[in-house]
Amino acid sequence: MSVILNTATNELKIEQETTFHNKSDSLLNEVYFHNWANAYKDKKTPLAKRFIENYSKSFHFTSEKHRGNSTIKNITINSNSTTWESTKENPDILKVNLTQELNPKDSVRITTTYIVKIPKDKFTKYGVNTVSYNLRYWYLAPAIFTNSWKTYNNLDIDDLYIDYTNYHINIKVPINYIVNSDLIISKTTSNFNKYTLIGKNKLDVELNITQQNDFIEYKSNPKIITNLTSEDVSTSIKTDILNRELEFIKSYLGEFPHEKLFINKIEYDKNPVYGFNQLPSFLAPYNTNFEWDIQLFKVLSKKYIHSIFLFNQREDAWLADGLQTYLMIKYIEKYYPKMKALGNVSKLWGIRNFNLAKISFNDKYPFVYQFAARKNLDQALTSQNDSLSNFNRKIVNKYKAGLGLKYLEIYLGEDVISNSITNFSKENSEQQTNSNQFLTKIKTTKDISWFTNEYLKTTKKVDYTIKKITKKNDSLEVSILNKRNFTTPIQLYGIKGKEIKFKKWLTNIDSITTITIPTNGFDKLSLNYESFLPEYNLRNNWKNVDKKLFNRPLQLKFMKDIENPYYNQFFYTPVFRFNYYDGAVLGLAISNKTLLKKSFNYKITPSYSTKSKTLSGVFSLLYEHLPENKKVNRFAFGLIGSNFHYAENLTYTALSPFAMLEFKRKNLRDVSRNALSASYTFVNREKSPTQTDHIETNKYKVFNLSYGYAKPEIIEDIRFSSGLQISSKFSKVSLTAHYRKLTDANRQFDFRFFAGAFLTNNTESDFFSFALDRPSDYLFKYDYLGRSETSGFFSQQIIINEGGFKSKLPVAFANQWLTTFNTSVGLWRWLEVYNDIGLIKNRNEKAYFAHENGIRLNFIQDILELYFPVHSNLGWEISQPNYSSKIRFVLVIKPKRIYNFVKRGFY
């Protein structure tokens, strides 16, 4: 390649000559190139759509000058002109038509002239910023042909599949720029800097071109060039650590085949050591040497693996991920065996008693896997990389793959796995390879089909339990039950206190098995005691040899924690809520809910209301079942009850048994949800001494059946719900449809339709009627701050439901039917104009036509919004007295709602 960088236009002018060898047995009429630089050309490319899937809209709404592209000027085949093409659907894949068939073992010379416009680095971290160009996947890279062309779109998952290649690159950059690379570099200077870069048997070529060089070359073998640094660690210590890391990796993977290895901190920033970046830096959770060591080891081991092995990362990622995690686990075991997951934070008063503070650094791997598995969020290790959720691709699948190799090591013996890795590396270094070739290198007489089949290819969970222990003279009969349809080897331990007295491998337990073991100075038996096997549930893994009144002692813990399988844990957590009548409600939530999901959860929250000076509270009981590989993702039923004030000095009690079916999504990257739910709510509202409401509003029961569908994508948000309510005095149906769209100009269009009708209605008040602007919330499901207020600040809170109007019109309720259409159109950022129309039908009255419009300040959709009425049936509201009392607001202060809004796109 001959490359010229134009810093004024952020363009690379490239003349590229590619000698392509046909290594297959097929005749080829075309050659495909990955043109990943062209993935940034517009907002309709697969990469652009991927950003939207990840709830990132910065690329979608950026200006054209910040995007990138690749413009092909000319292509010749052996000096003869040819044609080329790419499609709208796949603009980052280039097809070059050959002028004649390419026979097996022959080669062809393809010369291309093209211009690459470099995008801003804010989208993928690669690209241009104010001082540097960080280039990855910046040139035309020939695709690999094995029976068929292996072409893949750029999806910002850094998995270009390109064969080992020899490079000779001449690149010209302005005089004030420096080029960093792991190719062999020579430099000449005149009016510009000209670099010659040469590399043999290399994969993708990554470059850093910068005005402010922060890369350091360390004296090691191979030489490491990196800008991943720490000001708190001296260069000599870094060099020692780096050489130690390299020697450790070489002991498994062999010598590195190249002179240099280039590590850009971008690679670490995109895949950090999770845990480091979640703990506040001011707590200094980790020693600076340890932190730099593990950060560098993570990215170094990854680069090492991906340099010496050519895996098809799009289709076969688990082994590379597993090797990296396995090496991380082994490195920690050797050099930091006592390191805790929370580092020095685990020693702080108030934290050190948490079980989370007691787990070791390596214990985080099975914990995170359990977290995903218990939520049915895990995916098979053999899943295609682009089908994985971000959570699984970046964390869970890497952890599960590494844990699998570690468990094989324990089951087969350390030498078996380490030798298998070493032999695999010797035979496959600098070659195309795959995970199946590694599996054939595992030499053992033991059956590992459970690993090669279920563990890798399915999401089956492991769950064993000790069902029964029977004493027989000097021996014990132990019944062990496999609770799942996944049979793996598992270890049985005899424990005295915390000391292991006995170990035994058990295999082929596919249902229930009884074994006999000698009594040998232990007081309890435990399966998987050291948690080497990533098991679904550890709480049912042990029993005391002698029966006790309380097999599992009680443990009371402050705040939520990870579970300790040897205790019945109760957690107490201070909680806070607010409403106008109770004031600040201070409570203490007592629950069994840990950081890992359980099938059965309870929560009891007695509280004290500071304004009303009374006791109040809420409780919930929930049982959840998450079927595997079924059309239903989650089945839940339970009971919830609450007691608070609904008006000044007036309390309510609500009790509601409920059940819900949540249906499975097409895949874990699909954000849609649909669920069917039913509840039966009992309400008892305290009667006012000066009763103004009808007596029917004091005590009532309502059955509610509803179906909801939502697909809340960041550009298009579609929601639909329908419901049926039946009570002794009424029955009614309703339907709500909501569609939100962001246009290419970042203007929001928001459309909402509601229709509701009574099937029967014998009520004598409007308490159960459809509301135009403020539903009465007789089921107590909305987060009203002052639900009974008819004037003042709290009466201005609005929850967009039923009619969805903002103005308080003369006809505010419908006891027969109601239909409304709410629209909102964006003007600039969060400034919108809303327009609503509706028909309200009451018994023995003509239908009332309602209309309104105004200004909407949509700061955070459904979380924080303001509505300023302008005109309605009341006339020009903006010019009427007491206008401030007409302003309405949406305000959500529930932390869980806010958290769910923020985390979108990660799971």
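Residues numbered from 1 in each chain as written. Predicted model: local features only at pLDDT ≥ 70, side-chain atom pairs only at ≥ 80, totals over all residues. Heavy atoms only, no water.

Caption draft 1: Looking closely at the overall build of the protein. Each helix and strand in the protein was counted, giving twelve helices and 50 strands. For the protein, the C-alpha radius of gyration of 32 Å lies close to 29 Å, the compact-globule estimate for 907 residues. Here the C-alpha coordinates of the protein stretch approximately 90 × 85 × 55 Å along the principal axes. Residues counted as buried form 53% of the 907 residues belonging to the protein. In the protein, once contacts between residues fewer than 6 apart in sequence are set aside, the share between residues at least 24 apart is 63%. For the protein, the accessible surface area stands at approximately 41,200 Å², while carbon and sulfur atoms represent 53% of it. (Helix = DSSP H or I, 4+ residues; strand = E, 2+ residues; numbered from the N terminus. Rg over C-alpha atoms; globule rule 2.2 N^0.38 Å. Buried < 20%, exposed > 50% of the residue type's maximum accessible area, 1.4 Å probe, protein only. Contact = heavy atoms within 4.5 Å. Areas by Shrake-Rupley, 256 points an atom, 1.4 Å probe, with all protein chains shown as cover.)

Caption draft 2: Summary view of the sheet that holds strand S15 (residues 178–180). The strand order S9-S10-S18-S15 describes an open sheet built from four strands, whose pairing is antiparallel. At either margin of the open sheet sits one strand with a lone partner, and together these are strand S9 (127–128) and S15. Bridging between S15 and strand S18 (residues 207–210) involves three bridges; their strand directions are antiparallel. Within S18, the position partnered with Ile178 by the bridge is Thr210. (Pairing = 2+ DSSP bridges.)

Caption draft 3: Geometry of empty space enclosed by the protein. Throughout the structure, instances matching the rule amount to six cavities of 30 Å³ or more. A volume near 110 Å³ is recorded for the largest cavity. Around the largest cavity, the lining is made up of 13 residues, and of these Tyr40, Pro119, Arg136, Tyr137 and Trp138 lie nearest the centre. Residue classes in the lining of the largest cavity are distributed as ten nonpolar, two polar and one charged. Of the volumes computed, that of the second largest cavity is approximately 70 Å³. Around the second largest cavity sit Val273, Tyr274, Lys298, Gln324, Thr325, Met328, Lys364, Tyr365, Lys398 and Tyr399, which together line it. Mapped by element, the contributors of at least two residues to the lining of the second largest cavity are helix H5 (318–335), helix H7 (364–373) and helix H8 (390–412). (1 Å grid on protein atoms, 1.4 Å probe; cavity = no way out; pocket = protein on both sides within 12 Å on 5 of 7 lines; lining within 4 Å. Points joined across faces, edges and corners; volume = space filled by probe spheres on them. Nonpolar A, V, L, I, M, F, W, Y, C, P; charged D, E, K, R; others polar.)

Caption draft 4: Fine view of the sheet that holds strand S4 (residues 69–77). Taken together, the eight strands give an open sheet; going across it, the order is S5-S4-S8-S2-S1-S14-S17-S16, and neighbouring strands pair in mixed fashion. For this open sheet the edge positions go to strand S5 (80–81) and strand S16 (184–189), each flanked by a neighbour on one side alone. Bridge count for strand S1 (residues 2–6) against strand S2 (residues 11–21) is five bridges, and the pairing is antiparallel. Along S2, the bridge assignment pairs Ile4 with Lys13.

Caption draft 5: Quick look at the environment of Ile590. Positionally, Ile590 belongs in strand S33 (residues 583–591). Distance in space between the C-alpha atoms of Ile590 and Tyr646 is 24 Å, their sequence separation being 56 residues. Excluding its chain neighbours within four sequence positions, the residues that come into contact with Ile590 are Phe571, Tyr572, Tyr602, Lys603 and Ile604.

Caption draft 6: Just unusual backbone geometry, in detail. Cis rather than trans, the peptide bond between Asn221 and Pro222 has omega equal to 5°. Looking at where Pro222 falls in the secondary structure, it is placed in the loop between strand S19 (216–218) and strand S20 (223–226). Positioned with a positive phi, Asn882 is a non-glycine residue whose angle comes to about 55°. Within the secondary structure layout, Asn882 lies in the loop between strand S49 (875–876) and strand S50 (888–891). Exposure remark for Asn882: the relative accessible area of 62% places this residue in the exposed category.

Caption draft 7: Broad picture of the packing of aromatic side chains. A complete count under the given rule lists 69 aromatic pairs for this structure. Considering the side-chain rings of Phe309 and Phe311, the 5.6 Å spacing of their centres and the 55° angle between planes classify their relative orientation as tilted. Comparing Phe309 with Phe311 shows no difference in burial state: the two are buried. A network of ring pairs unites the aromatic residues Tyr700, Phe730, Phe754, Phe758, Phe767, Phe768, Phe770 and Tyr778 as a single cluster. The ring of Trp542 carries Lys524 above its face, with NZ or CZ at 5.2 Å from the centroid. Sitting over the ring of Tyr566, Lys524 keeps its end group 4.4 Å from the ring centre. (Phe/Tyr/Trp six-rings, centres within 6.5 Å; stacked < 30°, edge-to-face > 60°. Lys NZ or Arg CZ within 6 Å of the ring centre and 35° of its normal.)

Caption draft 8: Just the environment of Asp163, in detail. Mapped onto the secondary structure, Asp163 falls in the loop between strand S13 (148–150) and strand S14 (165–174). By relative accessible area, Asp163 is classed as buried at 15%. Sequence-wise, Asp163 and Glu409 are 246 residues apart; in three dimensions their C-alpha atoms are separated by 31 Å. Once residues lying within four places of it in the same chain are set aside, the contact partners of Asp163 are Lys23, Ile144, Lys202, Leu203, Leu310 and Gln432.

Caption draft 9: The pairing of strand S10 (residues 132–135), seen in detail. Neither face of S10 is left uncovered, since the one carrying Ser132 and Asn134 and the one carrying Tyr133 and Leu135 both have all their residues buried. With two bridges connecting them, S9 and S10 associate as antiparallel partners. Residue pairing across strands places Gly127 opposite Asn134, the latter belonging to S10. Hairpin remark: S9 followed by S10, antiparallel, with three residues in the connecting loop.

Caption draft 10: Quick look at the packing of H5 against H8. The contact between H5 and H8 brings their axes to 7 Å, and the two run at 65°. The chirality of how H5 crosses H8 is right-handed. Residues Trp318, Asp321, Gly322, Leu323, Thr325, Tyr326, Ile329, Lys330 and Glu333 of H5 pack against Lys398, Tyr399, Ala401, Gly402, Leu403, Leu405, Lys406 and Glu409 of H8. Partitioned by chemical class, the residues of the contact of H5 with H8 number eight nonpolar, three polar and six charged. (Axes fitted to C-alpha atoms, helices over the stretch in contact; angles between N-to-C directions. Left-handed = near helix turned anticlockwise from the far one by under 90°.)

Caption draft 11: Representation of the pattern of salt bridges. This structure, assessed with the given rule, holds 50 salt bridges. Between Arg67 and Glu64 there is a salt bridge whose closest N-O contact spans 3.2 Å. Under the relative-accessibility criterion, Arg67 is labelled buried at 4%. Residue Asp158 pairs with Arg136 through a salt bridge whose shortest N-O separation is 3.9 Å. Placement of Asp158 in the loop between S13 and S14 and of Arg136 in the loop between S10 and strand S11 (141–142) is noted, with a sequence separation of 22 residues between them. Across this residue pair, the class does not change: Asp158 and Arg136 are buried. Here the residues in one salt-bridge network are Arg136, Asp156, Asp158, Asp204, Glu206, Glu267, Lys270, Lys302 and Lys303, joined through shared partners. (Salt bridge = Lys/Arg side-chain N within 4 Å of Asp/Glu carboxyl O.)

Function cannot be read off these values alone, since they describe shape.
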